[in-house]
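# Coordinates in review
Listed here are the chains, written in short residue letters.
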Amino acid sequence: MLVSMLLNPPTVSAQKQVYPSQPVRLVITHAAGGTTDMAARLIQPYFQKYLGVPVVIENMVGAGGNIARSFVFKQPADGYTLLVSQQPSMSAGQIVTGAKFEVLKFTHVFNVAGKNYDCVAVAKDTPFKTIEDLKKASQGQPLTSAGTGVGSNAYILAMLLKARAGVNFTYVPFNSGTEAALAVAGAQTQMGTGALDSYWPLHEQGRLRILAVSGPQRDESHPQIPTIAELGYPNIVLDQMTGVFAPPELPNDRIDILVAAFRKAFADKDYQAAAAKAKQTLQPLGPAEFQKASRQIFETIQELAPVLKPDKRGR
Amino acid sequence: MGGRKRIAALEGFLLLVLGSFALAFFVETRELGQTAALFPRLVALASLAALALALGFQFFGAAKARQTPAETAALETLDVVSWPLALAVQVGYVALIALLGFSLASLLYLIGAPLQMRYRRWGVLIAYGFLLTAAVAIAFTVLFHVRLPEGLLWSYLKG
Amino acid sequence: MWLEGFMIALQPVNLFYLVVGTAFGLVIGALPGLGPMFAVALTLPLTFGMDPASAIILLAAVHAATAYGDSFASILINTPGGVGSVASCWDGYPMAQKGQAGVAMGISALGSFMGGIIGWISLVAISPLLILVALRMGPPEYFMVALMALSLLALASHGQVLKGLFLGGIGLLLSFIGRDPITAEARFTFGYLYLEDGVPLAPTVLGLFALSQVLVLSEQGGSIAQIRTVGRVWEGFKTALRFPGTIARAGIVGIFMGILPALGLSSANIVAYFAEKKASKHPEKFGQGEPRGLLAPEIAKNACIVGDLIPTFTLGIPGSSVTAIFLAAMIMHGLQPGVQFFERSGALPYTVFAGILLAQFSFFLMGLLLARHFAKAVLIPNALLVPLIVMLSVVGSFAMRGFVEDVIVTVVFGFLGYLMTRYRYPGACMVLGLVLGDLVEANFHRSLLIGQGSYGIFFSRPFALAILLLTVILLAWPYLRRLFAGRPLARE
């Protein structure tokens, strides 16, 4: 007991009264440089400024983000460990890959970024111009479509196209968005799905053609590309949002402190400028709205679950 | 080179561990889908076949002509510390980290391990232990933002 | 434009970042297990406040210097400094044991430098051409390349072909642990989340080579260098330049591994090592301190590092997780790499390229200053060195992801590695299997998916077929050569 007194002076008792009094960890589901990481790193200095304690970013890479999610899910709800994660991949982690956490039980603290759309692209030499063309061409023999692993956003979008637009194809999962995009550019597969960011540079260079984006509206940075909904499939919408979560049942007073810091950060001109330069679309949502949006995404994925569960036999 | 060659107990243990791993993986493939099972099954079988052939050659002397001295000779050692003891110390160090946290465990280890290897210059040891532990702990936590293991004991005492 | 680029890159502030980045990279590199990914990720947040040219120069300096610094630990203490320097242990460390640590450091410095220069020339001169090749590579071609690389297992060691194959198989099986890349089924994970990502490479090689060597050193006492000398760095330069064939071969391996997004640093050095062994007339000398066995991975590693940047700058998409960080740094500054970058950014691309070239010179010169002193580590008594290696290996395998399980992996493979060292099992084969497993398996299944289930896809594509034939010829070459020479097959 004496040792503990020596090593842990008053912090233990103090933390119960004043929050925050120690550094706050932001656990990121993916590696440095990814979209989740960038959203966190952009806001970190401002969040830290208005929260008043150091905010430390920790990339906990593994199992498509599920290691980080499961880890934070089990942490004490003291507001010192927060998770930065994306929807719908988080829902897919629970529903499709069966990871051990419950999305809706997480405390939804604040949504940071959003409107990070996925897209459908086709190889340069193919004649396809619309989703309809894809559907027609796929009736005789299935097409091949590149994407990333089971449960990823690229996979979810592909399955939506399959189930709701009736495009018939064999899904070919690659290890990264880059590899999938290159496969479409190299005409290894006829079409592909995935993050707009992965495909856009190749579209711009004329190495492949992006047909449509998955969002409810056109992408702000690339308004020339139509949405899948505009092409006649209003029930194919896949929106991505990146938000901050806390372990279940974080006390309300602590939620309020965190939300206030986020709101101030969002009001900061410097943060807005930095986000604009990095072409990040901000989507500030308080706990209630965030929870609602998150539940919507979760329910969509749940509804899709029978389609999304991979076929055990493969092929 | 004689025809038959005995396999040392430890070498047998190594082969047993690796062989059982291959066998276990092979058994596991029965529960997997076709795609997921194909390669593990093939590779596990091929590995076990290679192992069986290697052992066969060794026991029945067919590999007589191919044996090189390197294969038979174990490393010459001065036996300052026998390897099981050395291994136990490394494992103990890792266990100690889990228990006492990185810094304290490293300090004890950096001073204790050389002693075990018959190093007796106490002045050097103490300075070495403290300086290195401090340097590594500070570099990793402050500079590299790595959260070093804190130790179960402290978190237990903290309640 | 070039002149302007160099003028900007040579501004004092950029030179400052170059030197700081190099020093930081060398330190991280020298630390066991921590490679470019760790160092570059750590540097990223620092670049947000800089102007874009300085940001990229700093990252490039850290990137190149870390890859080079990784070899320090590999050569001197048989502890892979990072996943890019695993093969450098295999002949570098025996050289150090023989009292040639300085020579080995010289080979490493000049080799890494030449690799970097080869990579840089490819980046500025022929990157569009290389990209065309990269686009041609589909799953069937990757599968064939993986098979070709795996065929190198057959030359494991003399009289140890079967053991080599066995260990290669174990390495492949280890790589299959985790989620299946196609169906996402969990294999051999026992429901344990940690294992879903498979067996991590860095902690595994730290165990196999570093911790196992620690047990050997504990038994031996004394110091690593069995003769109390380290030799001269300068000797290493002369040695390295004696092998132009090696330089060309390893350079090509490195560049291709770099530009192909499915391959990278962790396989480049290992494949270059085995390829060099295959090309050598005296493969039995490899593993005993053969200079070519050190030169090849050194060149391939740093050529790969720069080659990795080619898709990033030419196509605007990252070839690896490290270059994804480069891309992130550019995007944070509102820059979009790819065609736009060259057309609309004025002198900036040239400044960046100049910076990348200067980064090579920077690590080379600073490395030389340090190499002689670092080399003396092999003279430190093992009683002091052993605990240091263990501590740094433990913290190195932990720091990358912060998982205690990674440390346990290191310890388990340390024990297995010790037994393998003791009975002279070719542990290198296990590593070859481990790094190639995903490539061979995932691309086989992808090919079948693309070919709608038909095996014809492997034979109907000229590129894939050519690689397959080449593999067959390479495998049969020792026998063919004797046939052509008219010598009887029975000899040897």
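Quick caveat: nothing in here was measured; it's all calculated off a predicted structure.

To continue, consider the overall build of chain A. A count of helices and strands for chain A gives 12 helices and 11 strands. The C-alpha radius of gyration of chain A comes to 21 Å, within 12% of the 20 Å expected for a compact globule of 315 residues. C-alpha extents for chain A along the principal axes are approximately 75 × 45 × 30 Å. The buried share of chain A, reckoned over its 315 residues, is 57%. Considering only contacts in chain A between residues 6 or more positions apart, those separated by 24 or more positions represent 77%.

Moving on, we get to the packing of helix α19 (residues 382-399) of chain C against helix α20 (residues 404-422) of chain C. Residues and elements named next belong to chain C. Axis separation between α19 and α20 bottoms out at 7 Å; the angle between their running directions is 135 degrees. Overall, the two elements α19 and α20 adopt an arrangement that is oblique. In this structure, the crossing between α19 and α20 has a hand that is right-handed. Contacts from Val394, Ser397 and Phe398 of α19 reach α20 at Val404, Asp406, Val407 and Thr410. Taken together, the residues of the contact of α19 with α20 sort by class into four nonpolar, two polar and one charged.

In this section: the packing of aromatic side chains. The tally for this structure, following the rule as stated, stands at 48 aromatic pairs over all chains. Relative to Phe188(C), the ring of Phe25(B) has its centre 4.6 Å away and its plane inclined at 15 degrees; by these criteria the two rings are stacked. Highlighted residues: Phe25(B) in helix α1 (residues 9-28) and Phe188(C) in the loop between β2 (186-187) and α10 (201-220), drawn from two different chains. For the pair Phe25(B) and Phe188(C), a shared accessibility class is recorded, and that class is buried. An aromatic cluster of three or more residues is present, and its members are Tyr46(A), Phe47(A), Phe110(A), Phe262(A), Phe266(A) and Tyr271(A). The ring of Phe169(A) has Lys162(A) sitting right over it, with the charged end atom 5.2 Å from the ring centre. Sitting over the ring of Tyr425(C), Lys163(C) keeps its end group 4.4 Å from the ring centre.

Attention shifts here to the sheet that holds strand β2 (residues 55-59) of chain A. Residues and elements named next belong to chain A. Reading across the sheet, the six strands line up as β2-β1-β3-β10-β4-β11 and stay open at both edges, with mixed pairing between neighbours. With partners counted over all chains shown, the strands left at the sheet margins are β2 and β11 (282-285), one partner each. Strand-to-strand twist across the sheet, computed as the mean angle between neighbouring axes with direction ignored, equals 25 degrees. Its contacts with the sheet put helix α10 (residues 252-267) on β3 (81-87), β4 (107-114), β10 (241-246) and β11, and the angle it makes with β4 is roughly 15 degrees.

For chain A, the mean per-residue pLDDT works out to 89, and 93% of the residues sit at or above 70. The model gives residues 1-15 of chain A a pLDDT under 50, and that stretch makes 11 contacts with residues more than four places away or in other chains.

A word on the interface of chain B and chain C. Many analyses report the size of an interface as the accessible area lost when the parts associate. On the chain C side, the residues contacting the 73 residues of chain B number 69 residues. Both faces combined, the contact of chain B with chain C buries some 6100 Å², and carbon together with sulfur accounts for 80% of it. On inspection of chain B and its partner chain C, the count reaches one salt bridge. For Lys163(C), the salt bridge goes to Glu11(B), with nearest N and O atoms at 3.9 Å. Taken together, the connections running from chain B to chain C amount to seven residue pairs in polar contact (both at pLDDT 80 or more). Within the residue set of the side of chain B that touches chain C, elements represented by two or more residues are α1, α2 (34-60), α3 (69-72), α4 (83-100), α5 (102-116) and α6 (122-143) of chain B. By residue class, the composition of the side of chain B that touches chain C is 55 nonpolar, 10 polar and eight charged.

Let's shift gears to the pairing of strand β9 (residues 208-213) of chain A. Residue and element names in this part refer to chain A. For β9, the buried fraction is high: five of the six residues fall into the buried class. Bridge analysis of strand β5 (residues 118-123) against β9 gives five bridges, and the strand direction is antiparallel. Of the residues in β9, the one forming a bridge with Cys119 is Val213.

Here we take up the nonpolar core. Judged by nonpolar contacts, the single largest core of 302 residues is most densely connected at Phe140(B), Trp90(C), Phe313(C) and Ile356(C). Setting aside chain neighbours within four positions, we find Phe140(B) in contact with His145(B), Val146(B), Leu148(B), Leu31(C), Leu34(C), Val395(C) and Ala399(C). Within the second largest apolar cluster, 36 residues are counted, among which are Ile43(A), Val53(A), Tyr80(A) and Ala265(A).

In this section: a nonpolar patch on the surface. Residues and elements named next belong to chain B. Taken together, the side chains of Leu99, Leu152 and Leu153 present a nonpolar region at the surface, about 260 Å² in accessible area. Along the chain, Leu153 turns up in helix α7 (residues 152-158). In this structure Leu153 comes out as partly exposed when scored by relative accessible area, which is 31%.

All names here are of chain A. Inspection of the secondary structure puts Thr130 in the loop between β5 and α6 (131-140). Overall, Thr130 belongs to the partly exposed group, its relative accessible area being 27%. C-alpha separation for the pair Thr130 and Leu211, spaced 81 residues apart in sequence, amounts to 6.4 Å.

Residue and element names in this part refer to chain A. Mapped onto the secondary structure, Thr227 falls in the loop between β9 and β10. A polar contact of 3.0 Å, which involves the side chain of Thr227, links it to the backbone nitrogen of Glu230. Not counting residues up to four positions away in its chain, the partners in contact with Thr227 are Ala212, Val213, Gly215, Pro216, Gln217 and Arg218.

All names here are of chain A. Split by domain assignment, chain A resolves into domain 1 (23-114 + 240-306) and domain 2 (118-238). Computed over C-alpha atoms, the centres of domain 1 and domain 2 are 27 Å apart. Facing 13 residues of domain 1, the contacting portion of domain 2 comprises 11 residues. For the pair domain 1 and domain 2, the number of links is one salt bridge. Two residues, Arg164 and Glu303, come together in a salt bridge whose shortest N-O distance is 3.2 Å. Remark: the boundary between domain 1 and domain 2 carries two residue pairs in polar contact (both at pLDDT 80 or more). Counting residues per element, the ones that place at least two in the side of domain 1 that touches domain 2 are α5 (89-95) and α12 (287-308). It is α12 that contributes the most residues to the side of domain 1 that touches domain 2, three residues altogether.

Following the criterion strictly, the structure yields zero disulfides over all chains and no others. The cysteine Cys89(C) is free of any disulfide, with Cys429(C) supplying the nearest cysteine sulfur at 15 Å.

Before going further, it helps to spend a moment on the pattern of salt bridges. Applying the stated criterion to the full structure yields 18 salt bridges over all chains. With a closest N to O distance of 2.8 Å, Glu58(A) and Arg25(A) form a salt bridge. Taken together, the positions of Glu58(A) in strand β2 and Arg25(A) in strand β1 (residues 24-28) put the pair 33 residues apart, joining distant regions of the chain. On the basis of relative accessibility, which here comes to 15%, the residue Glu58(A) falls in the buried class. The class of Arg25(A) is buried, set by a relative accessible area of 10%. Its salt-bridge partner being Glu441(C), residue Arg187(C) comes within 2.7 Å of it at the nearest N-O pair. Highlighted residues: Arg187(C) in strand β2 and Glu441(C) in helix α21 (residues 427-450), separated in sequence by 254 residues. In this structure, a network of salt bridges that share partners links the residues Arg25(A), Glu58(A) and Arg147(B).

The rules we used
Residues numbered from 1 in each chain as written. Chains lettered and ligands numbered in written order. Predicted model: local features only at pLDDT ≥ 70, side-chain atom pairs only at ≥ 80, totals over all residues. Heavy atoms only, no water. Helix = DSSP H or I, 4+ residues; strand = E, 2+ residues; numbered from the N terminus. Rg over C-alpha atoms; globule rule 2.2 N^0.38 Å. Buried < 20%, exposed > 50% of the residue type's maximum accessible area, 1.4 Å probe, protein only. Contact = heavy atoms within 4.5 Å. Axes fitted to C-alpha atoms, helices over the stretch in contact; angles between N-to-C directions. Parallel < 35°, antiparallel > 145°, perpendicular 65-115°, else oblique. Left-handed = near helix turned anticlockwise from the far one by under 90°. Nonpolar A, V, L, I, M, F, W, Y, C, P; charged D, E, K, R; others polar. Phe/Tyr/Trp six-rings, centres within 6.5 Å; stacked < 30°, edge-to-face > 60°. Lys NZ or Arg CZ within 6 Å of the ring centre and 35° of its normal. Pairing = 2+ DSSP bridges. pLDDT = per-residue confidence, 0-100. Buried area = accessible area lost by both parts, 1.4 Å probe. Salt bridge = Lys/Arg side-chain N within 4 Å of Asp/Glu carboxyl O. Polar contact = N/O pair within 3.5 Å; in protein donor to acceptor, adjacent residues only side chain to side chain. Core = buried A, V, L, I, M, F, W, Y, C linked by side-chain atoms within 4.5 Å. Patch = residues over 30% accessible without salt bridge, like charges linked within 9 Å, V, L, I, M, F, W, Y side chains within 5 Å. Areas by Shrake-Rupley, 256 points an atom, 1.4 Å probe, with all protein chains shown as cover. Domains from an automatic or database assignment. Disulfide = S-S within 2.5 Å.

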